[in-house]
Protein chains: 2
Amino acid sequence: MVVRNPDETRTKILDAALDEIHLRGFQGMRVDHILKRTGLTKGALYHHFTNKQAIGYAIVDEILGQDIMERWVGPLEKSANPVVTFIEICENERAGKNASQIEKGCPVNNLTQEMSPIDEGFRERLEKVYQTWTGAIAESLERGINNGVVRDDIHPEKVAKFLLASLQGIIGVAKCCKEESVLDDMAECMRDYLISLLSQEGLSQVDLDILKAS
Amino acid sequence: MVVRNPDETRTKILDAALDEIHLRGFQGMRVDHILKRTGLTKGALYHHFTNKQAIGYAIVDEILGQDIMERWVGPLEKSANPVVTFIEICENERAGKNASQIEKGCPVNNLTQEMSPIDEGFRERLEKVYQTWTGAIAESLERGINNGVVRDDIHPEKVAKFLLASLQGIIGVAKCCKEESVLDDMAECMRDYLISLLSQEGLSQVDLDILKAS
DNA sequence: ATATAAACAGACTAGTTGGTTTGTCAAATA
DNA sequence: TATTTGACAAACCAACTAGTCTGTTTATAT
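### Side note on the pattern of salt bridges
Part 1 of the reasoning: By the definition in use, this model includes 38 salt bridges over all chains.
Part 2 of the reasoning: Note that Glu188(B) and Lys158(A) form a salt bridge whose closest N and O atoms lie 3.0 Å from each other. Of this pair, Glu188(B) sits in helix α10 (residues 181-196) while Lys158(A) sits in helix α9 (residues 156-174), each in a different chain.
Part 3 of the reasoning: Given the relative accessible area of 27%, Glu188(B) is considered partly exposed.
Part 4 of the reasoning: Residues joined in a network through salt bridges with shared partners are Asp19(A), Glu20(A), Arg24(A), Arg37(A) and Lys104(A).

Set out below in structure tokens:
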């Protein structure tokens with residue numbers, strides 16, 4: 001008797017597809033590879049998804065969007081100091097990644113670069129991810145301004161977009177650099193920039209050990 | 001009698017291929033499309049290139065590498081103030097681009113995100129491009145420090161890499177944003193950061209009209 | 001003028017790729 | 001219990017795709 005669990009099957013497909021897309025891109029991802037990795041057949045896959053595109057869309061909407069919520073939006077919403085929290089998230093993400101993971105970069109950025117110019121459905125979905133992402137950063141910065149820890153002469157929305165862009169740029173450039181030191185050099189500059197967003201009050205509140213490495 | 005010009009034929013192939021790759025990526029580029037666009041045949045194309053990969057490699061080595069030399073390395077080498085020159089190049093590039101060009105992004109970044117994790121040949125070539133690019137920025141910053149226009153407490157190499165990464169990040173994020181204002185918002189923050197790299201002397205030397213828009 | 005090699009033209013092919021179709025089996029439903 | 005439907009299995013297919021092969025035309029060297 002074969003155990004049937006449609007939800008698990010669907011998740012297995014998406015997980016395998018994301019892993020393939022992460023490395024090879026959406027166009028480079030092959031449906032047959034997903035089948036081999038999951039042990040499923042065409043019948044199963046095309047029962048859950050109308051076509052390859054639908055798999056890609058579901059990954060952005062469900063997995064990637066959810067990931068950003070957990071890793072960024074949640075922590076930033078709870079944070080009293082957005083700059084410190086931003087740095088902490090970056091350092092956590094960095095710590096959990098080895099060389100081959102650095103080479104693969106950020107799935108959101110990868111898909112944006114590859115698909116947004118040629119598939120409006122992807123573009124719309126990825127734009128939505130960016131909006132919630134930057135929205136959370138902007139809101140946390142605004143709260144930081146109101147709390148007096150962040151400089152009040154900055155534009156939260158603009159800085160939030162710039163922060164996210166710089167982060168994606170760093171991860172993106174690091175993809176083609178053999179030495180991991182390049183990544184850390186860029187991260188160091190980003191950290192300096194982030195700290196420059198703090199007000200005098202915010203600076204004095206920051207733990208010493210967060211500043212000492214600069 | 002058909003006029004034969006092998007050099008021109010080769011260039012035509014590379015130009016058409018770059019245009020296709022710029023929009024669809026290397027994997028999304030189709031050899032047949034190149035043939036249709038150029039009016040050439042398989043025989044001609046495979047006389048000049050051993051395979052599709054060789055076309056991609058040639059584009060990075062010859063066209064993209066050359067482009068960076070002309071647009072960035074040259075101007076920066078001649079520049080007395082790297083910060084001002086950097087801003088000027090950015091603004092020139094921005095001014096020459098419409099919405100659909102913004103959507104396509106930077107070919108160097110696109111290829112990096114797509115190909116560097118799955119093709120070592122691409123990665124090596126793109127890394128070389130980044131090295132000359134960041135090298136030129138770093139050298140100009142160092143000269144700026146020596147001339148007293150750039151702050152002497154910054155690390156030229158690290159800042160150069162960060163600047164390039166941020167630039168690529170901005171261009172990359174802008175690819176999936178409908179409103180062009182997002183691009184300009186991010187660019188404004190980048191400009192602020194660039195200006196923050198100037199020393200007191202450098203700041204006083206900067207034209208008023210370059211600073212007024214901030 | 002002739003030989004040789006470079007620069008093509010274009011039909012052909014082998015392997016791939018996303019997707020379809022038909023059928024089976026288990027579970028919910030009536 | 002009978003029946004319908006959801007969840008798969010797997011053979012099949014048409015379109016595509018990079019690359020090859022043979023032949024032809026043009027340029028170049030002698």
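Once you've had a look at it, read on.
### Some thoughts on the domain arrangement of chain A
Residue and element names in this part refer to chain A.
Part 1 of the reasoning: We note that the domain assignment places domain 1 (1-49) and domain 2 (60-211) within chain A.
Part 2 of the reasoning: If you look at the interface, domain 1 gives 12 residues, while domain 2 gives 13 residues.
Part 3 of the reasoning: Considering only the side of domain 1, the residues that lose the most area to domain 2 are Leu18, His22 and Phe26, jointly responsible for 54% of the buried surface there.
Part 4 of the reasoning: Between domain 1 and domain 2 we count two salt bridges in total.
Part 5 of the reasoning: Where Arg10 meets Glu62, a salt bridge forms, and the shortest distance between an N and an O atom there is 2.3 Å.

### With respect to the interface of chain B and chain A
Part 1 of the reasoning: Contacts between the two partners involve 40 residues from chain B and, on the opposite side, 40 residues from chain A.
Part 2 of the reasoning: Taken together, both faces of the contact between chain B and chain A bury some 3,700 Å²; the carbon and sulfur share is 62%.
Part 3 of the reasoning: When the buried area of chain B at its contact with chain A is split by residue, Gln113(B), Phe162(B) and Cys176(B) rank highest and sum to 17% of it.
Part 4 of the reasoning: Inspection of the chain B/chain A interface yields six salt bridges.

### Focus on the protein's contact with DNA strand C
Part 1 of the reasoning: Close contacts around DNA strand C come from 18 residues, with Arg30(A), Lys42(A), Lys52(A), Arg4(B) and His47(B) the closest.
Part 2 of the reasoning: Within 4 Å of the protein, the contacting atoms of DNA strand C are 56% sugar and phosphate, with bases supplying the remainder.
Part 3 of the reasoning: In this structure, a phosphate oxygen belonging to DNA strand C sits 3.2 Å away from a main-chain N or O atom of Val31(A).
Part 4 of the reasoning: Here Thr41(B) contributes a side-chain N or O atom positioned 2.9 Å from a phosphate oxygen of DNA strand C.
Part 5 of the reasoning: It is helix α3 (residues 42-48) of chain B that contributes the most residues to the surface near DNA strand C, five residues altogether.
Part 6 of the reasoning: Residue composition of the surface near DNA strand C, by class: six nonpolar, six polar and six charged.

### Focus: a negative patch on the surface
Part 1 of the reasoning: There is a patch of like negative charges on the surface, built from Glu77(A), Glu139(A), Glu142(A) and Glu157(A).
Part 2 of the reasoning: Considering the arrangement of structural elements, one finds Glu142(A) in helix α8 (residues 120-147).

### Focus: the relation of the copies chain B and chain A
Part 1 of the reasoning: After a rotation of 180° and a shift along the axis of 0.0 Å, chain B superposes on chain A with an RMSD of 0.0 Å. Such values leave the two copies arranged in the relation of a two-fold axis.
Part 2 of the reasoning: Most of the interface of chain B is mirrored in chain A, where 100% of its interface residues again form contacts.

### Structural notes on helix α8 (residues 120-147) of chain B
Residue and element names in this part refer to chain B.
Part 1 of the reasoning: The first and last C-alpha atoms of α8 sit 40 Å apart over 28 residues, in line with the 40 Å expected at 1.5 Å per residue.
Part 2 of the reasoning: For α8, the N-terminal cap is Asp119; the gap from its side-chain oxygen to the backbone nitrogen of Gly121 is 2.9 Å.
Part 3 of the reasoning: Gly148, located one to two residues past α8, shows a positive phi value of around 85°.

### Let's talk about the environment of Ala16(A)
Part 1 of the reasoning: Structurally, Ala16(A) is set in helix α1 (residues 6-28).
Part 2 of the reasoning: Setting aside chain neighbours within four positions, we find Ala16(A) in contact with Ile34(A), Arg37(A) and Thr38(A).

### Considerations on the environment of His33(A)
Residues and elements named next belong to chain A.
Part 1 of the reasoning: With respect to the helices and strands, the residue His33 is situated in helix α2 (residues 31-38).
Part 2 of the reasoning: Residues His33 and Ile195, 162 residues apart in the sequence, show an inter-C-alpha distance of 45 Å.
Part 3 of the reasoning: At 3.4 Å, the side chain of His33 forms a polar contact with the side chain of Glu20.

### Quick look at the packing of aromatic side chains
Part 1 of the reasoning: Scanning the model with the defined rule gives 13 aromatic pairs over all chains in all.
Part 2 of the reasoning: Between Trp72(A) and Trp133(A), the ring centres sit 5.6 Å apart and the planes meet at 50°, which makes this aromatic pair tilted. With a gap of 61 residues between them, Trp72(A) in helix α4 (residues 52-78) and Trp133(A) in helix α8 connect regions that are remote in the sequence.
Part 3 of the reasoning: Trp72(A) gets classed as buried once you look at its relative accessible area, which sits at 5%.
Part 4 of the reasoning: The buried category is assigned to Trp133(A), whose relative accessible area is 3%.
Part 5 of the reasoning: A ring pair is formed by Phe26(B) and Phe122(B), whose centres lie 4.9 Å apart and whose planes are at 65°; its orientation type is edge-to-face.

### Thoughts on the protein's contact with DNA strand D
Part 1 of the reasoning: The local shell around DNA strand D holds 20 residues, among which Arg4(A), Arg4(B), Arg30(B), Lys42(B) and Lys52(B) are the closest.
Part 2 of the reasoning: The sugar-phosphate backbone supplies 58% of the atoms of DNA strand D found within 4 Å of the protein.
Part 3 of the reasoning: At 2.9 Å from a base oxygen of DNA strand D is found a side-chain nitrogen or oxygen belonging to Arg4(B).
Part 4 of the reasoning: In the model, a base oxygen of DNA strand D is placed 2.6 Å from a nitrogen or oxygen of the Lys42(B) side chain.
Part 5 of the reasoning: Taken together, the elements giving at least two residues each to the surface near DNA strand D come down to α1 and α3 (42-48) of chain A together with α3 of chain B.
Part 6 of the reasoning: Tallying contributions element by element places α3(A) first for the surface near DNA strand D, with five residues.
Part 7 of the reasoning: Its residues placed into classes, the surface near DNA strand D shows eight nonpolar, six polar and six charged.

Rules and cut-offs
Residues numbered from 1 in each chain as written. Chains lettered and ligands numbered in written order. Predicted model: local features only at pLDDT ≥ 70, side-chain atom pairs only at ≥ 80, totals over all residues. Heavy atoms only, no water. Salt bridge = Lys/Arg side-chain N within 4 Å of Asp/Glu carboxyl O. Helix = DSSP H or I, 4+ residues; strand = E, 2+ residues; numbered from the N terminus. Buried < 20%, exposed > 50% of the residue type's maximum accessible area, 1.4 Å probe, protein only. Domains from an automatic or database assignment. Contact = heavy atoms within 4.5 Å. Buried area = accessible area lost by both parts, 1.4 Å probe. Near = heavy atom within 4 Å. Polar contact = N/O pair within 3.5 Å; in protein donor to acceptor, adjacent residues only side chain to side chain. Nonpolar A, V, L, I, M, F, W, Y, C, P; charged D, E, K, R; others polar. Patch = residues over 30% accessible without salt bridge, like charges linked within 9 Å, V, L, I, M, F, W, Y side chains within 5 Å. Areas by Shrake-Rupley, 256 points an atom, 1.4 Å probe, with all protein chains shown as cover. Lys, Arg positive; Asp, Glu negative; His and termini not counted. Charge placed at Lys NZ, Arg CZ, Asp CG, Glu CD. Least-squares fit on C-alpha atoms with pLDDT ≥ 70 in both. Expected span 1.5 Å × (residues − 1). Phe/Tyr/Trp six-rings, centres within 6.5 Å; stacked < 30°, edge-to-face > 60°.

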